[in-house]
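Results of the structural survey
If you want the building blocks of each chain, they are given just below.
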Amino acid sequence: MSQIPEDLKYTRNHEWVRREDDAHVTVGITDHAQESLGDIVFAEPPEEGTSISAEEGCAVIESVKAASDLYAPVSGEVVQANEELADSPELINNDPYGDGWVMRVKLSDPNELDNLLDASAYQELVAEEG
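Here is a short report on the structure shown in this document.

About the cut-offs
Residues numbered from 1 in each chain as written. Predicted model: local features only at pLDDT ≥ 70, side-chain atom pairs only at ≥ 80, totals over all residues. Heavy atoms only, no water. Patch = residues over 30% accessible without salt bridge, like charges linked within 9 Å, V, L, I, M, F, W, Y side chains within 5 Å. Areas by Shrake-Rupley, 256 points an atom, 1.4 Å probe, with all protein chains shown as cover. Salt bridge = Lys/Arg side-chain N within 4 Å of Asp/Glu carboxyl O. Lys, Arg positive; Asp, Glu negative; His and termini not counted. Charge placed at Lys NZ, Arg CZ, Asp CG, Glu CD. Helix = DSSP H or I, 4+ residues; strand = E, 2+ residues; numbered from the N terminus. Buried < 20%, exposed > 50% of the residue type's maximum accessible area, 1.4 Å probe, protein only. Pairing = 2+ DSSP bridges. Axes fitted to C-alpha atoms, helices over the stretch in contact; angles between N-to-C directions.

Turning our attention to a negative patch on the surface. On the surface, a cluster of negative charge is made up of Glu44, Glu47, Glu48, Glu62, Glu83, Glu84, Asp87 and Asp99. With respect to the helices and strands, Asp87 occurs in helix H2 (residues 84–87). What makes Asp87 exposed here is its relative accessible area of 70%.

The next subject is the sheet that holds strand S1 (residues 9–10). Ordered by their spatial adjacency, 6 strands build an open sheet running S1-S2-S3-S9-S8-S5, and the pairing between neighbours is antiparallel. Each edge of the open sheet carries a strand with a single partner, namely S1 and strand S5 (51–52).

What follows concerns the sheet that holds strand S4 (residues 40–44). Strand pairs in the sheet, formed through backbone hydrogen bonds, run parallel or antiparallel to each other. Pairing is antiparallel across the open sheet formed by 3 strands, whose spatial order is S4-S6-S7. Both edges of this open sheet fall to S4 and strand S7 (67–71), since each of them pairs with a single strand only. The sheet shows a mean angle of 25° between the axes of neighbouring strands, direction not considered. Two strands pair when backbone bridges link them, and S4 and strand S6 (residues 57–63) are joined in this way by 4 bridges, in the antiparallel orientation. Across the sheet, Ala43 pairs through a bridge with Ile61, a residue of S6.

The analysis is restricted to geometry; functional conclusions fall outside its scope.
Shown next as structure tokens:
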């Protein structure tokens, strides 16, 4: 069964968001998403300084099964990309909520976090997808 930390917010596209402070969040893909993808062989986060918009594709994650877009859960500016993923994309499989994070974002509208799912709503979504 997938891990779903209580302290994070989630999207219907299986991204997670951790609020770092009033203006910044860290983003990655969920444990459920990495399990579904299988062994991740390539990850391309957006470049630092890139403006992203909620629900638009902003990164690519490829596994032995498929290539998948990561959709921005919030709008803002990418202030840090996880450069470790270039050499070690398997970090996403091994530690999706820790070392496998994808990007850090300076929020343009912190209220967008209110549109995301809490852990129990995300758990229901995963259960419905079976």
